[in-house]
Each structure stands twice: as C-alpha cells, then as structure tokens.
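Working through the structure, step by step
Residues per chain are reported as follows:
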Amino acid sequence: DFFKANFSKDKKLYQKLYNILGFYPSNISLYKVAITHNSFKHHLSKDSKTGNNERLEFLGDAVLGMIVAEKLYLKFPYQNEGFLTETRSKIVGRTKLNQIARKMGIHQILLFDSKLKNNPVFLDSISGNAFESLVGAIYLDKGFAFTKIFIINKI
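Residues numbered from 1 in each chain as written. Predicted model: local features only at pLDDT ≥ 70, side-chain atom pairs only at ≥ 80, totals over all residues. Heavy atoms only, no water.

1. Observations regarding the overall build of the chain
A count of helical and extended segments in the chain gives eight helices and zero strands. The order of α-helices and β-strands along the chain, N terminus first, is α-α-α-α-α-α-α-α. The buried share among the 155 residues of the chain stands at 41%. Long-range pairs, those at least 24 residues apart, make up 60% of the contacts in the chain with a sequence separation of at least 6. Of the accessible surface of the chain, which amounts to about 9300 Å², a share of 56% is contributed by carbon and sulfur atoms. (Helix = DSSP H or I, 4+ residues; strand = E, 2+ residues; numbered from the N terminus. Buried < 20%, exposed > 50% of the residue type's maximum accessible area, 1.4 Å probe, protein only. Contact = heavy atoms within 4.5 Å. Areas by Shrake-Rupley, 256 points an atom, 1.4 Å probe, with all protein chains shown as cover.)

Below, the structure written as structure tokens:
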C-alpha cells in the first residue's frame, strides 16, 4: 500500500485519505466512490465507472450499526433492548455522524456539485453520509475486524 500511495497517479488522494483515516487504502477505487456525492454526477464522463456513494453508505450504515450494537451489548450486560436501541441511535444518528465526519476532515475531500459549496447544512449532511460510505469502503477493502477497530477508535 505504501508503494501505491507514493508512486500512483492517485498519490495526492492516497495521502489525503491517510491523513483522515490513518491508513493507506488497498483498493483506492472504493474510496473514490465513497467520497463522490450524487450531485457530482454531471461532472463525470459517460465512460466513467465511478458512481456515487449511496450504495457504500447503505453498507457502511449496516456495518456501523452492527459494530456499535455489539459494543453496547457487551458494555451494558444488564440493560434492556430499549436502552441499547436508544443509545445506539444517539451514537450513529445523523447529527453525531456529521460531527465526527467534520472533525475528521472528510468534508475537505468530498466531490460534489460546486454550486452547493456555500450551504453549510448540505456540507454537514453529506459529510456524515460520506463517513458511512467510507465505513463501507473500509469494510470491503480491509475486512470486518479492521473496520471494527477503526470504528471503535473513531467513535
């Protein structure tokens, strides 16, 4: 991964992702999709295989929910399902994910329609969505165990 990061045409993206995530991706194409918002589609050529991050967001949401649910289940062995569900919702809710994404600097690497750059609510929202997309990319790229450690360290 180090050699890809330093000798690839995507050298700058590898470095930005390393600065944000703390590791070099193995499959950079997953991460390119993860940072591409649906509004960016008109900037892509018809031949481009890069899609948007909605499918990875779906996967990342499920992986994130699973990891947080397991952590809460083990941390609070005597709490009921209602408590666990409410606590998980607070941790993986949109507002919290937006905050985490902004703190990580995900908004700085997102690809989206430039007409929307002066809308702070939009930027927060797509940052949180991109965090979930990146979780999906990490899961596909590095596997569940790696993703679990990443999530536990970030949340």
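From this point on, the discussion continues.
2. A word on helix α5 (residues 81-92)
Between its terminal C-alpha atoms α5 stretches 16 Å, which fits the 16 Å expected from twelve residues at 1.5 Å a residue. Within the sequence span of α5, burial applies to Leu-84, Thr-87 and Val-92. When α5 is viewed along its axis, its buried side chains cluster within an angular range of 115 degrees and face the same direction. In this structure, the buried residues of α5 make contact with α4 (54-75) and α6 (94-104). (Expected span 1.5 Å × (residues − 1). Arc of directions from axis to C-beta.)

3. Details of the nonpolar core
If you look at the biggest cluster of nonpolar residues, it comprises 40 residues, and the most contacted ones within it are Leu-21, Tyr-31, Ile-106 and Phe-131. Contributing elements (two or more residues each) for this core: α2 (11-21), α3 (28-34), α4, α5, α6, α7 (120-142) and α8 (144-154). Here the element with the most residues in this core is α7; it accounts for nine residues. If sequence neighbours within four positions are ignored, Leu-21 has contacts with Tyr-31, Met-104, Leu-134, Ile-138, Phe-150 and Lys-154. (Core = buried A, V, L, I, M, F, W, Y, C linked by side-chain atoms within 4.5 Å.)

4. Comments concerning the packing of aromatic side chains
Following the criterion strictly, the structure yields five aromatic pairs and no others. For the ring pair Phe-23 and Phe-146, a centre distance of 4.9 Å and an interplane angle of 85 degrees mean the geometry is edge-to-face. Pair noted here: Phe-23 is in the loop between α2 and α3 and Phe-146 is in helix α8, with a separation of 123 residues, a long-range link. The interplanar angle of 80 degrees and the centroid separation of 5.1 Å between the aromatic rings of Phe-76 and Phe-83 together place this pair among those described as edge-to-face. A relative accessible area of 25% places Phe-76 in the partly exposed class. Residue Phe-83 is classed as partly exposed on the basis of its relative accessible area of 28%. (Phe/Tyr/Trp six-rings, centres within 6.5 Å; stacked < 30°, edge-to-face > 60°.)

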